[in-house]
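Descriptive analysis of the structure
Chain by chain, the residues:
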Amino acid sequence: MLQAQLEIQLIAIVTAVACALPGVYLVLRRMTLMSDAISHAILPGIVLAFFLTESLSSPLLILAAAGTGVLTVVFVELLQRTKLVKADAAIGLTFPALFSIGVILISRFAGNVHLDMDAVLLGELAYAPLNRLTVFGYNLGPVSLYVMGGILMLSLGFILLFYKELKLATFDASLAATLGFAPVLIHYGLMTLVSVTIVGAFDAVGSILVVALIAGPPATAYLMTDRLSRMLILSAVIGSVNAVSGYWLAHLFDVSIAGAIATMTLLVFGLIFLCAPNRGLIAIARRHARQRWEFAQTMLVIHLLNHEGLPEAEEESAIANLHEHLSWDPTFAHQVVRYALNNRCVLQEETQLVLTEQGRSMARQALVQ
Amino acid sequence: MQVLETKAIEVTDLTVAYQDKPVLWDIDLDVPPGVLLSIVGPNGAGKTTLIKAILGLVRPAAGNVLIYDKPYEMQRRIVGYVPQRGTVDWDFPTNVLDVVMMGRYGALGWIRRPGRQEREQAMYALEKVGMEAYTTRQISQLSGGQQQRVFLARALVQDATVYLMDEPFQGVDATTERAIVTLLQELRANGKTVVVVHHDLQTVEDYFDWVMLLNIRRIASGPVAEIFTPENLRETYGGRVAFMKE
């Protein structure tokens, strides 16, 4: 593997993990759309700071753009608070306005510098290794690796330090407030972190993919676990898997790396969505099917118990007549009988069904409830 | 001369408004220590808002709240809060024990993590509410009554002196309701003050010893035997009450 390939994958992994960690909290707070808004609305901040610093990775640019991100959140929430505009509409109004200011600034003043619309929307990971960090003539590696690495450390530090506070404020903001944990402060702390992360990732992966990196892995992990700490770890792992597999997908088909990573994010989500052990679509369908058979079996044993030992029992428990008595489809009735026979709830005696002791107690239990 | 007694909760001239629409008008309420008080009134009477105002969750337009003679901000440690069950997302990835331990977060303060001591306190509180068999259960798998018990356990581990509960009986079965009442009466017997937003007029006299009748303004408050009269109820509910005292 070439060094550039390795570096691109490393940048992709670090970026993916840095996005996935705060993304977990956005998903749990039902605020993933806010990341979409921030990722677009920071554009004017980036452009203005770029005019001042003439560099795409200066710390000042990151701070200015992150400030615009937090401002977006403030705008959206102010609009919402008027109660004249709903949350989704408030987001839909705010970020295109800010984004378009950025677009106009670029097209009017930045025609001849490296700040084109393709790079803004999709980013270009393939070029990320070209921009090197050199100190005293030593080549220390790609700048974006350092930028994203720093942001990842910031994210990790924030979450490890305030794990308990973030959890409480996300789960029950009013209890957090009564206990003195200032949920508003935590909210804006998190939003600042998200903004900084998006600005940092923006250069490498553009404004569209960054949303996939923030929303995709946490939404996938959410289907796989019941614990917040595991959801954080799983999100980081899934983000890394998406990044690396996306890179090789792009390599194979010679397409945009960012686009391929976004595609892998969707594919992995789809896979887990179908196959997750408890919450996946297949597991749910199986559970429903089993419940349907179990319920039908219960109906059958109750029917048999009700007529057991009575004069009409012979008529009521004849296998051939069951579907008529229970108004079931004949094939379905046949299948239920087989299911109950397999579970030893009933025995077949010539043309009759007879309850076993197990079937009898099952019916009694169901009737008591 | 009258001796000034310490009050567990003292609300004076409290007005809360959303924009210019008053939700609570000039409320005065004195709650002596060691009573079990229910706040009763029709929908939209401001019962939840009153609890939230006492806890500083909504900003009053006027008036003052004291808990044992001091503002709430200085008394957080001694106040336990049970919010309405529907205010949180029960699909949140966490389990029963973890939610109960959240009640200890206030005593832990910023950054410090819960440890073995908090775990033991949470286990003890779960035993108190009969939920010790559910410690590792994911909270989305609980029934309504079980969720309510978990919330109560979370308030119990706060080991507060004053408890404020918003509709703890909402949507729970008869067994849970009885268990909760027993628990509330046990708290009072231990000298705690418990304030409960309550909906069911039929049970007020059985469950509580004090009552506050509220409909935007305070109609009356005091011992149930004195206050819970047909006249006061009619005034509170505007004649729409089907309940008749025998």
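Computed from a prediction, not measured in an experiment: that's the story for all the values here.

Bringing the pattern of salt bridges into the picture now. A complete count under the given rule lists 15 salt bridges over all chains for this structure. One salt-bridge network, held together by shared partners, links A:Glu308, A:Glu357 and A:Arg360.

All right, on to the sheet that holds strand S6 (residues 162-166) of chain B then. Residues and elements named next belong to chain B. Spatially, the six strands line up as an open sheet ordered S5-S6-S7-S3-S8-S9, and their pairing is mixed. Two strands lie at the open edges of the sheet, namely strand S5 (79-82) and strand S9 (217-223), each paired on one side alone. Strand-to-strand twist in this sheet, taken as the mean axis angle between neighbours without regard to direction, amounts to 15°. Here helix H5 (residues 144-156) sits on the sheet in contact with S5 and S6, set at roughly 170° to S5.

Of the positions making up helix H3 (residues 43-53) of chain A, those classed as buried are A:Leu43, A:Pro44, A:Gly45, A:Ile46, A:Val47, A:Ala49 and A:Phe50. Positive backbone phi, approximately 55°, marks A:Glu54, located one or two places after H3(A).

Quick look at the environment of B:Glu205 now. Residue and element names in this part refer to chain B. Mapped onto the elements of the fold, Glu-205 is located in helix H7 (residues 204-207). According to the relative accessible area criterion, Glu-205 is partly exposed, its value standing at 38%. Measuring from C-alpha to C-alpha, the distance between Glu-205 and Phe-228 comes to 8.0 Å, with 23 residues separating the pair along the chain.

Close inspection of predicted coordinates is inappropriate for parts of the model with low pLDDT. Here chain B averages 91 in pLDDT, while 95% of its residues score no lower than 70. Scored as a complex, the prediction yields pTM 0.87 and ipTM 0.91.

Residue and element names in this part refer to chain A. In this structure, the largest pocket spans a volume of roughly 1,600 Å³. Together, 32 residues line the largest pocket, and Glu-77, Gln-80, Arg-81, Ala-173 and Val-184 are the ones closest to its centre. Broken down by secondary-structure element, the contributors of at least two residues to the lining of the largest pocket are helix H2 (32-41), helix H4 (59-81), helix H5 (87-109), helix H8 (163-171), helix H9 (173-178) and helix H10 (183-222). Considered class by class, the residues forming the lining of the largest pocket number 18 nonpolar, six polar and eight charged.

What counts as what
- Sequence order as written defines residue numbering, which begins from 1 separately in each chain.
- Labels follow written order: the first chain is A, the first ligand is 1, and so on.
- For this predicted model, a pLDDT threshold of at least 70 governs which residues receive local features, and a threshold of 80 or more governs which side-chain atom pairs are given and counted, while totals over whole chains, interfaces and linings are taken from all residues.
- Think of the side-chain values as coming from all heavy atoms in the structure, minus any hydrogens and water.
- Any carboxyl oxygen of Asp or Glu within 4 Å of a side-chain nitrogen of Lys or Arg constitutes a salt bridge here.
- For two strands to be treated as a pair, DSSP must find no fewer than two bridges joining them.
- Numbering goes from the N terminus for both helices and strands, where a helix is a DSSP run of H or I of at least four residues and a strand is a run of E of at least two.
- For helices, the fitted line uses only the C-alpha atoms of the stretch in contact; every axis is such a line through C-alpha atoms, and the angle between N-to-C directions lies from 0 to 180 degrees.
- What makes two residues a contact is simply this: any of their non-hydrogen atoms within 4.5 Å.
- With a 1.4 Å probe rolled over the protein chains alone, any residue whose accessible area is under 20% of its type maximum counts as buried; one over 50% counts as exposed, and the rest are partly exposed.
- Residue-level confidence of the predictor is summarised by pLDDT, bounded by 0 at the bottom and 100 at the top.
- Only protein atoms enter the 1 Å grid used here, on which a cavity is any set of points holding a 1.4 Å probe that cannot leave and a pocket is any open set flanked by protein within 12 Å on both sides along at least five of seven lines; residues with an atom within 4 Å of a point are listed as lining.
- Grid points are joined across faces, edges and corners, and a volume is the space filled by probe spheres set on the points.
- Throughout this entry, Asp, Glu, Lys and Arg are counted as charged residues, while Ala, Val, Leu, Ile, Met, Phe, Trp, Tyr, Cys and Pro are counted as nonpolar. The remaining residues, Gly among them, count as polar.

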